[in-house]
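# Notes for the structure review
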Protein chains: 2
Amino acid sequence: MDKPLRIAIAGLGTVGTGVIRLLETNRDLLTARAGREIEVTAVSARDRNRNRGVDLSRYAWEDDMTALAAREDVDLVVELVGGSDGPALALARASLGAGKHFVTANKAMIAHHGIALAKTAEAHEAALKFEAAVAGGIPVVKGLREGTSANALERIYGILNGTCNYILSKMEDTGADFGEILAEAQAKGFAEADPTFDIQGIDAAHKLAILAAIGFGARIDFDAVRTTGITQVKAADIAQADALGFVIRLIAMADTETGEDGRTRLLQRVRPCLVPKDHPLASVDGPTNAVVAEGNFSGRLLFQGAGAGDGPTASAVVADIIDIAREEIGAPFSIPVAGLEPMPPVEPGHRMERTYLRFTVTDRPGVLAEITAAMRDAGVSIESLIQKGRADDGGEVLVAMVTHEGPERCIKEALDLLDGSESLTDAPLVLPILRD
Amino acid sequence: MDKPLRIAIAGLGTVGTGVIRLLETNRDLLTARAGREIEVTAVSARDRNRNRGVDLSRYAWEDDMTALAAREDVDLVVELVGGSDGPALALARASLGAGKHFVTANKAMIAHHGIALAKTAEAHEAALKFEAAVAGGIPVVKGLREGTSANALERIYGILNGTCNYILSKMEDTGADFGEILAEAQAKGFAEADPTFDIQGIDAAHKLAILAAIGFGARIDFDAVRTTGITQVKAADIAQADALGFVIRLIAMADTETGEDGRTRLLQRVRPCLVPKDHPLASVDGPTNAVVAEGNFSGRLLFQGAGAGDGPTASAVVADIIDIAREEIGAPFSIPVAGLEPMPPVEPGHRMERTYLRFTVTDRPGVLAEITAAMRDAGVSIESLIQKGRADDGGEVLVAMVTHEGPERCIKEALDLLDGSESLTDAPLVLPILRD
Ligand SMILES: NC(=O)c1ccc[n+]([C@@H]2O[C@H](COP(=O)([O-])OP(=O)(O)OC[C@H]3O[C@@H](n4cnc5c(N)ncnc54)[C@H](OP(=O)(O)O)[C@@H]3O)[C@@H](O)[C@H]2O)c1
Ligand SMILES: NC(=O)c1ccc[n+]([C@@H]2O[C@H](COP(=O)([O-])OP(=O)(O)OC[C@H]3O[C@@H](n4cnc5c(N)ncnc54)[C@H](OP(=O)(O)O)[C@@H]3O)[C@@H](O)[C@H]2O)c1
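In this text the structure is predicted, and so the values were computed from the model without any measurement.

### A few points about the overall build of chain A
When you go through chain A residue by residue, the secondary structure sums to 13 helices and 18 strands. The C-alpha radius of gyration computed for chain A amounts to 24 Å, which stays within 12% of the reference 22 Å derived for 436 residues, consistent with globular compactness. Considering only C-alpha atoms, chain A reaches an extent of 80 × 50 × 35 Å along its principal axes. Within the span of chain A, comprising 436 residues, buried residues form 59% of the whole. Restricting to contacts in chain A with at least 6 residues of sequence separation, those with at least 24 account for 74%. In the form shown here, chain A has an accessible surface area of approximately 16600 Å², with 48% of it arising from carbon and sulfur atoms. When the 44 basic and 63 acidic side-chain charges of chain A are each reduced to a single mean position, those positions are 2 Å apart.

Encoded structure:
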């Protein structure tokens, strides 16, 4: 048997303590599968005296976590602190720069600095791995890097944020409105005290940018992700969608097209979408995550499981550690950094889509004529329309419609025509319908 | 860039020609991901003159496929011939014995000879890979070997035979009986002319034995798989199941328990089961496959996709080739052969299960009393029972029931008590209910 793989862990919160528990609980089978022992030698967090429910007495402690990267008795540094910059990034640079392998669950950091870090890893022949950064316990980074490696991918999409999915599926089950369920989710610990990154779609965007890089061989371009959160979705929208045969899910999706200049362009979006009830993603409920990859030979593949939590996330972190112990280490983004293409973003106006549109309007004559005229003038063809009488609670009237497939820009044009109209009491909601 | 990886392909049928098409279509991206060119140098099949719709003129031809293993210009042999023994096995032994890497889609051969072949591979430092042997295009061998590697698995189960799943879900959709749908599936090419391996559950058993070895670190024991096919399932059972909130699927499942002697024992079964409609496997329709792995840290992970077909299967074969080109080669069954435990089979009489039982009986007084008395005497507790009046077509009466959870042996005892009863016009059907 090879000599032990010596690891240091920075960050001993939810995931960090989960990793320590996993390494203890499954010790024997990990040794068998890794082909050598995995030995924690040093740890770091902010507060040395905090009781974390795990025994840390056998490990060296560093107050300054960057010091972990310099230790002689460490082959691999695990970063479970979080934050796109700051100490996590400093630790990543120091570790890889010292030729130490580096494993992280930090999607924000990889989305912003993944390419630069992969370069450093290459230069120092160190591994950089981040399975836990995307979709928690689901091995989807490996799934794309190794499972679908023979395919040109057509689309990658999925449910990448458990908090949003929990909220949307709870709204579906209970008929309650967004704010109510969010408060409940926070009380139960399913949503953070500051849920901004989750409900605005930013967390899903981080993950999508990482998947798009691996799947399409693109340089990560987080800033190009077009992101809409779920805060505008009302209980009434979910009820309407249901009546039409859909559920609403926050869908992160990436695909590519060839521009007129012959260059590959990348479209990355996070948006609430109407998902047909017979689509596999429609039955993904609660905090579960799921990712679909559509390959030109594999067809549609689905990976589903727990998107967060100490156990699942630790499972992904330790799977990366085992890969490294086995010396199954390749390019973090599937191909070497030099081969990753900078892909300009797609301007999606020409993309064909069916769309759900919801207007909240004042209850007076002519409103419907005004809306439908704007649709007609913008070239939007309406497939079905429902006007729902005055709601009990707000005195607003709801006009919801589904359009035939048409270019996205027409929807925007129609909304521009209606912009400033006194008939509308609230910003209209536009939800694309997920194409099967 | 490293020098090309030179491969030979034996078998140029559905999968073999799919692999050649894939290697041509995706050439550039494969080179980028593999880090080197993948070059076919030689091929073999039975009939040199058959038109296979792919250009073979650039490759050397061998009439005797075993000769591929001896060629100087071959680093890796791909076997896509089939059959557990015979020429495929001879080729595997010769290739690995010559230190050449070996990739196969042959579940029958791996289920019977996988351990011996893995030993030969180890001895000669060659890779043995068989992603395509299980669940076609779904990367579930990698999923268990690498994705869930940090977990002790509780159960592995899934839908591993597309033909059976197509038949069962078609029966569900149409209400037609088994024989009718089988004939239709054969006409459409979804089922083989000789469907025995599929409908008797043997094909699923091959795949399960492979997954169980990887997931539980067991020596493959195909003969210990307890296998029941789908031929006894009637349209009436599917209707009954539906009324009770279930669908019927052929489920392959493996788990372990510790025997009184302290040894780990393995239970492997392929059986039609009642699957609760809200379980992810219930919505797996048509020829799709899906595998669930339940880890002690990851929780439940689901992998879903096309279980067969030229494209998906080729996708899995070429993913293995890329792994080898990347030199990401580890133990075929996750741990070295010496570490794989021979696990005696579980005698499942004590296992607790809820069960669906269906009797076809003559329509005369006392039949129900006879059946329920047998249940009582065997200690089986009935949760619900339906007696359906004379069926239109056969003059038989159907008695269907669902039991409370109880030891499996009691069901067997009850059936033994009823054995030979003149009231029963057909063998009773016993379907377990999949535990969530
Ligand atoms: N939680 C999940 O389910 C999940 C899932 C996927 C990915 N992730 C990612 O995993 C990472 C960790 O998440 P978490 O939920 O485990 O966070 P957490 O519970 O808040 O733990 C963070 C840990 O980092 C330590 N820390 C913070 N700043 C530090 C500093 N300057 N120096 C040293 N240590 C510092 C904290 O120390 P103290 O304990 O002493 O305060 C704490 O132990 C994040 O990148 C997150 O995005 C989490
Ligand atoms: N089809 C699927 O969807 C699928 C999915 C997963 C796994 N698999 C596995 O993949 C393997 C191949 O399946 P397939 O569907 O591609 O089979 P296939 O279409 O029947 O092709 C078999 C090929 O093997 C050749 N062959 C047979 N006996 C031979 C011999 N003695 N010497 C040389 N060549 C011989 C045949 O040659 P000729 O063409 O000259 O007759 C043919 O090209 C099997 O192990 C199967 O279980 C198949």
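### Let's talk about helix 7 (residues 178-188) of chain A
Residue and element names in this part refer to chain A. Of the positions making up helix 7, those classed as buried are Phe178, Ile181, Leu182 and Ala185. Each buried residue of helix 7 lies within a common arc of 105° when the element is viewed along its axis, so the set occupies one face. Facing away from the buried side of helix 7 by over 90 degrees, the exposed positions are Glu180 and Ala187. Where helix 7 is buried, its residues touch helix 6 (162-174) and helix 8 (196-199).

### A closer look at the sheet that holds strand 7 (residues 153-159) of chain B
Read across the sheet, 12 strands follow the order 8(A)-10(A)-9(A)-7(A)-11(A)-12(A)-12(B)-11(B)-7(B)-9(B)-10(B)-8(B) without closing on themselves; strand pairing throughout is mixed. A single partner strand is all that each edge strand has here, and the edge strands are strand 8 (226-227) of chain A together with strand 8 (226-227) of chain B. Direction of pairing for strand 8 of chain B relative to strand 10 (residues 264-276) of chain B: parallel, over a ladder of 2 bridges. For Arg226(B), the partnering residue across the bridge sits in strand 10 of chain B and is Arg269(B). Of the strands in this sheet, strand 9 (246-258) and strand 10 (264-276) of chain A touch helix 10 (residues 235-244) of chain A, which is tilted by about 80° from strand 9 of chain A.

### Quick notes on the relation of the copies chain B and chain A
Rotating chain B by 180° and translating it 0.0 Å along the rotation axis places it on chain A, where the RMSD comes to 0.0 Å. Between the two chains, the operation in question is that of a two-fold axis. The fraction of interface residues of chain B whose copies in chain A are also interface residues reaches 100%, indicating that both copies meet through the same surface.

### Some thoughts on the interface of chain B and chain A
Every contact between the two is made by 47 residues of chain B and, on the other side, 47 residues of chain A. Summing both partners gives a buried area of about 3700 Å² for chain B against chain A, and 51% of it is carried by carbon and sulfur. A per-residue breakdown of the area chain B buries against chain A is headed by Arg33(B), Phe297(B) and Glu328(B), which together make up 19% of the total. Scanning the region where chain B abuts chain A turns up 2 salt bridges. The salt bridge involving Glu328(B) is made with Arg145(A); its shortest N-O contact spans 2.6 Å. Summed over the shared surface of chain B and chain A, the result is 22 residue pairs in polar contact (both at pLDDT 80 or more). Contributions of two or more residues to the side of chain B that touches chain A are made by helix 1 (14-25), helix 2 (27-34), helix 5 (140-147), strand 12 (299-306) and helix 11 (310-325) of chain B.

### Describing the site of ligand 2
Residues and elements named next belong to chain B. Near ligand 2 you find 22 residues, and of these Leu12, Asp47, Arg50, Arg52 and Gly309 are the closest. At a separation of 3.0 Å, an oxygen atom of ligand 2 approaches a polar backbone atom of glycine 13. A distance of 2.7 Å separates an oxygen atom of ligand 2 from a polar atom in the side chain of arginine 52. Relative to its free-state accessible area of 900 Å², ligand 2 is covered by the protein chains to the extent of 77%. Split by residue class, the shell around ligand 2 holds 10 nonpolar, 7 polar and 5 charged.

### Things to note about the site of ligand 1
All names here are of chain A. Near ligand 1 you find 22 residues, and of these Leu12, Asp47, Arg50, Arg52 and Gly309 are the closest. Taking leucine 12, its main chain carries an N or O atom lying 2.8 Å from an oxygen atom of ligand 1. Here an oxygen atom of ligand 1 sits 2.3 Å away from a polar atom, N or O, in the side chain of arginine 50. Here ligand 1 is seated within the second largest pocket. Of the residues in the shell around ligand 1, the class split is 10 nonpolar, 7 polar and 5 charged.

### Let's talk about the pattern of salt bridges
Under the defined criterion, the tally for this structure stands at 64 salt bridges over all chains. We note a salt bridge from Arg351(A) to Asp255(A), for which the minimum N-O separation is 2.9 Å. A residue pair is termed long-range when its members are at least 10 positions apart, and Arg351(A) in the loop between helix 11 (310-325) and strand 13 (352-353) and Asp255(A) in strand 9 qualify at 96 residues. Each member of the pair, Arg351(A) as well as Asp255(A), is classed as buried. A salt bridge links Glu184(B) to Lys188(B); the shortest N-O distance between them is 3.3 Å.

### Comments concerning the pairing of strand 10 of chain A
The side chains of a regular strand alternate, residue by residue, between the two faces of the sheet. Residue and element names in this part refer to chain A. Within strand 10, 11 of the 13 residues are buried, leaving the element largely enclosed by the surrounding structure. Sheet analysis places strand 9 next to strand 10, joined by 13 bridges and oriented antiparallel. Paired with threonine 256 across the strands is leucine 266, a residue of strand 10. Linking two consecutive strands that pair antiparallel, namely strand 9 and strand 10, is a turn of 5 residues; a positive phi of about 85° is found at glycine 262 within it.

### Thoughts on the side chain of Arg271(B)
Within the secondary structure, Arg271(B) sits in strand 10. Those residues within four positions of Arg271(B) in sequence are excluded, and the remaining contacts are Thr228(B), Arg249(B), Leu250(B), Ile251(B), Glu353(B), Glu408(B) and Pro432(B).

### Description of the packing of aromatic side chains
Centre-to-centre distance and the angle between the planes together describe a pair of aromatic rings. Residues and elements named next belong to chain A. A complete count under the given rule lists 5 aromatic pairs over all chains for this structure. Seen from their ring centres, tyrosine 166 and phenylalanine 190 are 4.6 Å apart, and the 35° between their planes marks the pair as tilted. Pair noted here: tyrosine 166 is in helix 6 and phenylalanine 190 is in the loop between helix 7 and helix 8, with a separation of 24 residues, a long-range link.

### Brief notes about the environment of Asp255(A)
All names here are of chain A. On the basis of relative accessible area, aspartate 255 is assigned to the buried category, the value being 10%. Put simply, aspartate 255 and valine 346 are 91 residues apart on the chain and 9.4 Å apart in space, counted from C-alpha to C-alpha. Sequence-distant contacts of aspartate 255, that is, excluding residues within four places in its chain, are made with Glu154, Arg155, Phe216, Arg265, Leu266, Leu267 and Arg351. Here the side chain of aspartate 255 touches arginine 351 through a polar contact of 2.9 Å, side chain to side chain.

### What to know about the layout of surface pockets
All names here are of chain A. The computed volume of the second largest pocket comes to approximately 1400 Å³. What lines the second largest pocket is a set of 43 residues, among which Val15, Lys107, Glu192, Ala308 and Gly309 lie closest to the centre. For the lining of the second largest pocket, the secondary-structure elements that each account for two or more residues are helix 1 (14-25), helix 4 (107-123), helix 6, helix 8, helix 9 (202-216) and helix 11. For the lining of the second largest pocket, a count of residues per class yields 17 nonpolar, 17 polar and 9 charged. Shared between two domains, the lining of the second largest pocket takes at least three residues from each, and those domains are domain 1 (5-133) and domain 2 (142-306).

### Concerning the UniProt feature "binding site: L-homoserine" (unreviewed entry) in chain A
All names here are of chain A. Under the present numbering, the feature "binding site: L-homoserine" (unreviewed entry) in UniProt falls on Glu192. Tracing the sequence through the fold places glutamate 192 in the loop between helix 7 and helix 8. Residue contacts for glutamate 192: discarding those within four places in its chain leaves Gln186 and Asp198.

### So, the sheet that holds strand 18 (residues 429-432) of chain A
Residues and elements named next belong to chain A. Taken together, the 4 strands give an open sheet; going across it, the order is 15-16-14-18, and neighbouring strands pair in antiparallel fashion. Where the open sheet ends on each side, the last strands, each with one partner, are strand 15 (382-388) and strand 18. Across the sheet, the mean angle from the axis of one strand to that of its neighbour is 15°, orientation sign disregarded. Sheet topology note: the strand 14 (residues 355-361)/strand 18 ladder contains 4 bridges and is antiparallel. Along strand 18, the bridge assignment pairs tyrosine 356 with leucine 431.

About the criteria used
- Residues numbered from 1 in each chain as written.
- Chains lettered and ligands numbered in written order.
- Predicted model: local features only at pLDDT ≥ 70, side-chain atom pairs only at ≥ 80, totals over all residues.
- Heavy atoms only, no water.
- Helix = DSSP H or I, 4+ residues; strand = E, 2+ residues; numbered from the N terminus.
- Rg over C-alpha atoms; globule rule 2.2 N^0.38 Å.
- Buried < 20%, exposed > 50% of the residue type's maximum accessible area, 1.4 Å probe, protein only.
- Contact = heavy atoms within 4.5 Å.
- Areas by Shrake-Rupley, 256 points an atom, 1.4 Å probe, with all protein chains shown as cover.
- Lys, Arg positive; Asp, Glu negative; His and termini not counted.
- Charge placed at Lys NZ, Arg CZ, Asp CG, Glu CD.
- Arc of directions from axis to C-beta.
- Pairing = 2+ DSSP bridges.
- Axes fitted to C-alpha atoms, helices over the stretch in contact; angles between N-to-C directions.
- Least-squares fit on C-alpha atoms with pLDDT ≥ 70 in both.
- Buried area = accessible area lost by both parts, 1.4 Å probe.
- Salt bridge = Lys/Arg side-chain N within 4 Å of Asp/Glu carboxyl O.
- Polar contact = N/O pair within 3.5 Å; in protein donor to acceptor, adjacent residues only side chain to side chain.
- Near = heavy atom within 4 Å.
- Nonpolar A, V, L, I, M, F, W, Y, C, P; charged D, E, K, R; others polar.
- 1 Å grid on protein atoms, 1.4 Å probe; cavity = no way out; pocket = protein on both sides within 12 Å on 5 of 7 lines; lining within 4 Å.
- Sits in = over half its atoms within 2 Å of the grid points.
- Phe/Tyr/Trp six-rings, centres within 6.5 Å; stacked < 30°, edge-to-face > 60°.
- Points joined across faces, edges and corners; volume = space filled by probe spheres on them.
- Domains from an automatic or database assignment.
- UniProt positions renumbered as here; feature names shortened; annotations may be inferred.

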